Structure formats: C-alpha cells, structure tokens
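Given next are the chains, with one letter for each unit.
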Amino acid sequence: MNKLQANLCLICVTLCWSSEVIIFACIPNDILPFATTAITNAIAAIILAACFFKKVKAELKRSSKKLILRCLLLGVLSCAYNTLYLHGLNYLDVSTGAFTFSMTIVVLPVILITMKKTVGKKTWISAALVLAGITIALGSNFAETSILGVLIMLLGCVIRAIFIVNLNDFAKKYDAVTLSVFISVFVAVFSFIIWFALQPSTFAALPWSDTLVASLFIYAYFIIAFAQTLNIFAQKRATAAGATIIYSLEIAFSLLWGAVLPEELVDRVIPTPFQIAGALLIVAGSLIEIFDFGGRKRRASDVTQ
C-alpha cells in the first residue's frame, strides 16, 4: 500500500464514520451514549477476535505486554476525548460541536512539534484551509456560542490529537486487527464502568427491540470492526497530521447526508451558506493532503515524520 492508497482508505473510513447519524437515528435518544459505546465495542471485539483468532494469538505471543499496555493507553484516551465531546454538546448544538471538534487539526501539528516530529509545508497549507473552513462555518453562530462548551471541546481536541499520534506510531509496529480488538475491549470496559455509575440497571434499562438490536450490530460491525481496523491499517503508511486532515471530511459528508437523505433516515438539516463555504474549504484542504500535486519534485522533508 502506498500513501495515496492509504489516504483513500482513510476517506472510506471517514465516510463510514459519517453514517453514524443514520444509525443513531434508529437508536432511542434516552439510551445513554456510554451504553451504546460499551455494547458496540464489545460486539466488535468479539467479531474480530472470532474471525482472526490465529492472527491475534500470534501477535500476542510476539509482544503481549507492550501491546496490551499501549492498547490500554489508547482505550483511556479514546474514552476521555469522547466523554469530553459528549459533555461539550451540552453547551453547543450538534453542528457547532462537530465543527469545533475538528479543531483537532490545529492542535495536532503543535503536539507533533512538541514531540520533535516534522510537519511538512503541504500539511500546514491543508491545515490552514481546514481551519479557515471551520472558522467560516462557525462565524455566523459565534456570538451565541458557549465559551465553556468551546473550551471543553478544545480540551477534547488535545486528547484526541495525542490519541491519533500514538495510534499512528503503534499502527506501524503491531498488527492492525489485534490493535483494533484490544482497543475495542478497553473502550468497552471503560464505557461500561461509566454506564454502570450513571445507570446501575445497565442492560435491564434498555428498551430492547428488533430495531435496537439490529442498529447496535450494524454499528459494531460497520463503524467499529470494519472502519476502525481499516483506519489502523491505513495508518501504517499515512501520517498523523494527514489522517487528521482527512478525518475533517466527516463534517462535509454529514452535512451532505443531512441535506439529501429522507426524514425517515435522518433529521433533515439544510446547511447555511456559511457551512457550505466552510465545508468546501475543508474539502479543498483535504484534497491537497490526499493527492501529491508536486509529484516527485516535492522534497521528502515535506512529509510528516
């Protein structure tokens, strides 16, 4: 797999993540997000472990202690930034929260520099375009935006950036499926602990139905088992900064789904002109990162890490 192929895989991952809005529309709003996270990650871990048992066993035999500890770290970071994102949404609407959380692309290059990693010129240009897109999209609502909500989201962005940098490093050292299995295990465990603290009745409190069960299994397979594993696999050739820029395409995809899909699938939301302009800048920034317009003339120093 070359870098372009890795970036195309990341686009596929982002497209999968953007479909969350469709699946969540089938899950009752009164179900705690931690319940959904715990159940779907547990199902995903079981599916992957059952299908790739020999591969997981071989990777554990090769480097069990370090692998488990690093997956534990990733699980903690994942739960932390997702919890902050959910808490931040208490102060912001979903659209504003999604755009604000994409500020990870601004934080991540700073994290890379503090870790003495190189950030290429092309990545800075892409990040600037994405930042401009986010700023324009939020511009019309900035006066009404909660400062506390933004600060919570930015803290989540910092933790998410650290998660992405570590995931990118670990993906180059370990088998993608094995990493995905144990990340899912730890996320499921931590989410269940929070779920139990908030709702001790846990599974008994859920309004079980055929639709709910189907939605949880589709989410577990499509969003976690497939998309998460493909993401880790692509990270072997992608860069942390480049991956984060491509992740920002999730906003453009989500706006598209909200505008064109029928109300039976999603809550229809017509994007504002500011949001459309912002999304186009985000797409432009992502295209610069995805395709090597400079060809062989671009120096190796323009690549992160």
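Quantities reported herein were computed from a predicted structural model and do not represent experimental measurements.

(A) View of the overall build of the protein. Each helix and strand in the protein was counted, giving 13 helices and zero strands. When the helices and strands of the protein are placed in sequence order, the string is α-α-α-α-α-α-α-α-α-α-α-α-α. Taken over C-alpha atoms, the radius of gyration comes to 19 Å for the protein, in line with the 19 Å a tight globule of 305 residues would show. Taking the principal axes of its C-alpha atoms as reference, the protein extends roughly 55 × 50 × 35 Å. Expressed as a percentage of the 305 residues in the protein, the buried residues total 49%. A separation of at least 24 residues holds for 88% of the contacts in the protein among residues at least 6 apart in sequence. Within the structure as shown, the protein displays about 14,700 Å² of accessible surface, and the carbon and sulfur contribution to it stands at 70%. Positive and negative side-chain charges in the protein, numbering 23 and 15 respectively, have mean positions lying 21 Å apart.

(B) Region of interest: the environment of Tyr-81. Following the sequence through the fold, Tyr-81 ends up in helix 4 (residues 53-88). In the structure, Tyr-81 is positioned 77 residues away from Leu-4 in sequence and 28 Å away in space, judged by C-alpha atoms. Leaving out residues up to four positions away in the same chain, Tyr-81 has contacts with Phe-101, Gly-156, Ile-159, Arg-160 and Phe-163.

(C) Seen up close, the packing of aromatic side chains. All told, the structure shown has eleven aromatic pairs when counted by the stated rule. Between Trp-17 and Tyr-247, the aromatic rings sit 5.1 Å apart at their centres with planes inclined by 55 degrees, giving tilted as the arrangement. Note that Trp-17 is positioned in helix 1 (residues 3-18) and Tyr-247 in helix 11 (residues 240-247), a separation of 230 residues in sequence. Accessibility expressed as a relative area gives 17% for Trp-17, which makes it buried. A relative accessible area of 5% places Tyr-247 in the buried class.

(D) Region of interest: the packing of helix 3 (residues 33-51) against helix 9 (residues 176-198). Contact geometry of helix 3 with helix 9 gives a least axis separation of 7 Å together with a crossing angle of 150 degrees. Our classification of the angle between helix 3 and helix 9 gives roughly antiparallel. Along this stretch, helix 3 crosses helix 9, giving a crossing that reads as left-handed. Of the residues in helix 9, those touching helix 3 at Phe-34, Ala-35, Thr-37, Ala-38, Ile-39, Asn-41, Ala-42, Ala-44, Ala-45, Leu-48 and Ala-49 are Ser-180, Val-181, Ser-184, Val-185, Val-187, Ala-188, Ser-191, Phe-192, Ile-194, Trp-195 and Leu-198. Across the contact of helix 3 with helix 9, the residue classes tally to 17 nonpolar, five polar and no charged.

(E) Expanded view of the pattern of salt bridges. If you walk through the whole model with that rule in mind, you get three salt bridges. Arg-62 serves as the salt-bridge partner of Glu-59, at 2.6 Å between the closest nitrogen and oxygen. Here the residue Glu-59 and the residue Arg-62 both occupy positions in helix 4, the gap between them amounting to three residues, near one helical turn.

(F) Representation of the packing of helix 4 against helix 9 within the structure. With their axes 7 Å apart at the nearest point, helix 4 and helix 9 run at an angle of 40 degrees to one another. With respect to their mutual orientation, helix 4 and helix 9 come out oblique. You can see that helix 4 and helix 9 cross each other, and the crossing is right-handed. Across the contact of helix 4 with helix 9, the residue classes tally to 18 nonpolar, five polar and two charged.

(G) Up close: the side chain of Asn-166. Among the structural elements, Asn-166 can be located in helix 8 (residues 147-171). Excluding anything up to four places from it in sequence, Asn-166 contacts Leu-73, Leu-74 and Leu-77.

(H) Helix 1, seen in detail. Taking 1.5 Å of rise per residue, 16 residues should cover 22 Å, and helix 1 covers 23 Å from first to last C-alpha, within 8% of that figure. Of all the positions in helix 1, only Ala-6, Asn-7, Cys-9, Leu-10, Val-13, Thr-14, Cys-16, Trp-17 and Ser-18 are classed as buried. Buried residues along helix 1 sit in contact with helix 2 (20-24), helix 10 (210-235), helix 11, helix 12 (249-260) and helix 13 (273-290). Sitting at the amino-terminal end of helix 1 is Asn-2, which places a side-chain oxygen 3.2 Å from the backbone nitrogen of Leu-4.

(I) Looking closely at the confidence of the model for the protein. Residues with a pLDDT of 70 or more make up 93% of the protein, whose mean pLDDT is 86. Scored below 50 in pLDDT, residues 296-305 shows 25 contacts in the model against residues more than four places distant or in partner chains.

(J) Highlighting the environment of Ile-31. Examined against the element boundaries, Ile-31 turns out to sit in the loop between helix 2 and helix 3. Judged by its relative accessible area of 10%, Ile-31 is buried. Beyond its immediate sequence surroundings of up to four residues, Ile-31 is in contact with Thr-36, Leu-206, Pro-207 and Leu-212.

(K) Main features of unusual backbone geometry. Unlike most non-glycine residues, Lys-116 shows phi in positive territory, near 60 degrees. Overall, the relative accessible area of 80% leaves Lys-116 in the exposed class. Residue Thr-202 is not a glycine yet carries a positive backbone phi of 40 degrees. You can see Thr-202 is positioned in the loop between helix 9 and helix 10.

Calculation criteria
Residues numbered from 1 in each chain as written. Predicted model: local features only at pLDDT ≥ 70, side-chain atom pairs only at ≥ 80, totals over all residues. Heavy atoms only, no water. Helix = DSSP H or I, 4+ residues; strand = E, 2+ residues; numbered from the N terminus. Rg over C-alpha atoms; globule rule 2.2 N^0.38 Å. Buried < 20%, exposed > 50% of the residue type's maximum accessible area, 1.4 Å probe, protein only. Contact = heavy atoms within 4.5 Å. Areas by Shrake-Rupley, 256 points an atom, 1.4 Å probe, with all protein chains shown as cover. Lys, Arg positive; Asp, Glu negative; His and termini not counted. Charge placed at Lys NZ, Arg CZ, Asp CG, Glu CD. Phe/Tyr/Trp six-rings, centres within 6.5 Å; stacked < 30°, edge-to-face > 60°. Axes fitted to C-alpha atoms, helices over the stretch in contact; angles between N-to-C directions. Parallel < 35°, antiparallel > 145°, perpendicular 65-115°, else oblique. Left-handed = near helix turned anticlockwise from the far one by under 90°. Nonpolar A, V, L, I, M, F, W, Y, C, P; charged D, E, K, R; others polar. Salt bridge = Lys/Arg side-chain N within 4 Å of Asp/Glu carboxyl O. Expected span 1.5 Å × (residues − 1). Polar contact = N/O pair within 3.5 Å; in protein donor to acceptor, adjacent residues only side chain to side chain. pLDDT = per-residue confidence, 0-100.

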